[in-house]
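# Working through the structure, step by step
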Amino acid sequence: MALSPNGWKEHQFENIVVITGAGISVASGIPDFRSSTGVYACSQSSSSTTKETLFDLESFTEDPLPLFELLQSVFFDKETERQPTPVHAFVKLLSDKGLLLRNYTQNIDNLEDAAGVPTDTVVHCHGTLASATCMRCDHTYQSSFVREELKSGKGVARCNQQRSTDTSATHAPATGAPQFLWNNRCNGIVKPDIVLFGEDLPGQWGKHLAEDLTKCDLLVVLGTSLAVEPVQSLVTQVNNKCTRIVVNNDTEVLQNIKEHMTEYQEPSDSDLDWFVCGDCHTIVEELVKLAGWQDEFKQVKEKIGTVEHVPPAQQPISAGVEAAAAALVGHLLRTETALTPDQDPEETEHGPKRQKTA
């Protein structure tokens, strides 16, 4: 299929918002949350903590050990070995081309920073492991402090700041709490700056939200089931003329997302939505190929040290997925490319028109 490179100069899409989830980091060795081999399944098999309480603020305050154990095994033990994935490189490429308005990421691994995506274009919806804060004195730490505390076998990272001369109850151990050797240190729990259930979202969440929802002309959803609010609602809150594409490798999850999106719809004249079932890295590679960005994409991947990704054997790129990618890029480039009549509906589904939120 021949595509005109001059199509991009028309800048039909100038303000792209990308929503990313745990699925884009699996290739880097970080498990997702809800699959059979994900974080919740592993945590429930190794302790009495349930997925409902593992990331709950009240539960963490009462007993921080289960979450610290999880963070150590999943993130901190191999933190320096984690590499950005092709999707991270794709987001970086969009940024380099001046097309990225914002990346709303639900991930706490901070691989966006490792990929060189500008910090002002990234919103860490659920916080980040890059820093941590003492729950008693509010002193801030880098992630290296928490990592070394856990590596030393302490189990729970505790603040090493000098304790105030104030002897009020706010500086004393809570009733019934373990008695630590204070040695004139704060000893408060140093909690990674991730958002637990029961906590407010980070301040940056709403900083650009209204503007982004208004300006966004293309919304791309990659590697997330959109099961958690308020990120789930972003797909229904973008302006009525915004084109939306959702990529997920699970047909059931994809159908759930589609139903959520269509629940709030009413007739409009906006562009069509796209629902593509397939490996997110394979899809972005295909988009890059069809857009003629292979050389630039290769340079970005080499520069940031992208992990080599091998698509899952059970999900090879099919004619249906390739046709969907071709149709999407054709739409972006203002070509006349269309979906093929014999396209597999289970691989990609041409969704209803974009409609206003009820």
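Residues numbered from 1 in each chain as written. Predicted model: local features only at pLDDT ≥ 70, side-chain atom pairs only at ≥ 80, totals over all residues. Heavy atoms only, no water.

### Structural notes on the side chain of K92
On the secondary structure map, K92 appears in helix α5 (residues 86-96). We classify K92 as buried; its relative accessible area is 14%. Within the structure, the side chain of K92 is placed 3.2 Å from the backbone oxygen of G116, a separation counted as a polar contact. Excluding its chain neighbours within four sequence positions, the residues that come into contact with K92 are A115, G116, V117 and V300. (Helix = DSSP H or I, 4+ residues; strand = E, 2+ residues; numbered from the N terminus. Buried < 20%, exposed > 50% of the residue type's maximum accessible area, 1.4 Å probe, protein only. Polar contact = N/O pair within 3.5 Å; in protein donor to acceptor, adjacent residues only side chain to side chain. Contact = heavy atoms within 4.5 Å.)

### Here we look at the sheet that holds strand β5 (residues 140-142)
A sheet is described by the order of its strands in space; here three strands give the open sequence β5-β4-β6, paired in antiparallel fashion. Of all strands in the sheet, those bounded by a partner on one side alone are β5 and β6 (190-194). With strand direction ignored, the average angle separating the axes of adjacent strands in the sheet is 40 degrees. Here strand β4 (residues 127-134) runs beside β6; their pairing, made up of four bridges, is antiparallel. Bridge assignment links A132 to a residue of β6, and that residue is P192. Across the sheet, helix α4 (residues 65-74) is in contact with β4 and β6; its angle to β6 comes to roughly 60 degrees. Of the strands in this sheet, β4, β5 and β6 touch helix α7 (residues 143-151), which is tilted by about 75 degrees from β5. (Pairing = 2+ DSSP bridges. Axes fitted to C-alpha atoms, helices over the stretch in contact; angles between N-to-C directions.)

### Quick notes on the packing of aromatic side chains
What describes a pair of aromatic rings is the distance from one ring centre to the other and the angle between the planes of the rings. The full count for this structure, using the stated rule, is three aromatic pairs. Judged by centre distance (4.1 Å) and plane angle (20 degrees), the rings of Y141 and F145 are stacked. In this structure, K258 packs its charged tip against the face of F275, placed 5.9 Å from the ring centre. (Phe/Tyr/Trp six-rings, centres within 6.5 Å; stacked < 30°, edge-to-face > 60°. Lys NZ or Arg CZ within 6 Å of the ring centre and 35° of its normal.)

### With respect to the packing of helix α11 (residues 280-291) against helix α12 (residues 294-304)
Two elements in contact, α11 and α12, have axes whose closest approach is 8 Å; the angle formed by their N-to-C orientations is 135 degrees. Taken together, α11 and α12 sit at an angle that is classed as oblique. For the pair α11 and α12, contact is made by E285, V288 and K289 and by Q294, F297 and K301, respectively. Among the residues forming the contact of α11 with α12, the class breakdown is two nonpolar, one polar and three charged. (Parallel < 35°, antiparallel > 145°, perpendicular 65-115°, else oblique. Nonpolar A, V, L, I, M, F, W, Y, C, P; charged D, E, K, R; others polar.)

### Re the nonpolar core
Burial of nonpolar side chains together is a common tendency in soluble globular proteins. Counting 32 residues, the largest nonpolar core has I16, V18, F90, L94, L222 and W293 as the members making the most contacts within it. Looking at this core, the elements with two or more residues in it are β1 (16-20), α5, β7 (218-222), β8 (243-248), β9 (272-277), α11 and α12. Excluding its chain neighbours within four sequence positions, the residues that come into contact with F90 are V284, L287, V288, W293 and F297. If you look at the next biggest cluster of nonpolar residues, it comprises 28 residues, including I30, L70, F76 and F145. (Core = buried A, V, L, I, M, F, W, Y, C linked by side-chain atoms within 4.5 Å.)

### Some thoughts on α12
Side chains of residues three or four places apart in an α-helix project in the same direction, reflecting 3.6 residues per turn. All of the buried residues in α12 are F297, V300 and I304. The buried residues of α12 occupy an angular sector of 60 degrees when the element is viewed end-on, so they sit on one face. Exposed side of α12, more than 90 degrees from the buried face: D295, Q299, E302 and K303 are the residues found there. Buried residues along α12 sit in contact with α5, α6 (111-114) and α11. Looking one or two residues beyond α12, the residue adopting positive phi is G305, at roughly 70 degrees. (Arc of directions from axis to C-beta.)

### Considerations on a negative patch on the surface
Taken together, the side chains of E58, E62, D63 and E69 make up a negatively charged region of the molecular surface. Mapped onto the fold, D63 is located in the loop between α3 (57-62) and α4. The class for D63 is partly exposed, based on a relative accessible area of 42%. (Patch = residues over 30% accessible without salt bridge, like charges linked within 9 Å, V, L, I, M, F, W, Y side chains within 5 Å. Areas by Shrake-Rupley, 256 points an atom, 1.4 Å probe, with all protein chains shown as cover. Salt bridge = Lys/Arg side-chain N within 4 Å of Asp/Glu carboxyl O. Lys, Arg positive; Asp, Glu negative; His and termini not counted. Charge placed at Lys NZ, Arg CZ, Asp CG, Glu CD.)

### Overview of the confidence of the model for the protein
Chain-level pLDDT for the protein is 76 on average; 69% of the residues reach the 70-or-more range. Segment residues 1-11: pLDDT under 50, and 18 contacts once partners within four positions in sequence are set aside and those in other chains are kept. Taken together, the stretch residues 167-182 has pLDDT below 50 and engages in 17 contacts with residues farther than four places along the chain or on a different chain. (pLDDT = per-residue confidence, 0-100.)

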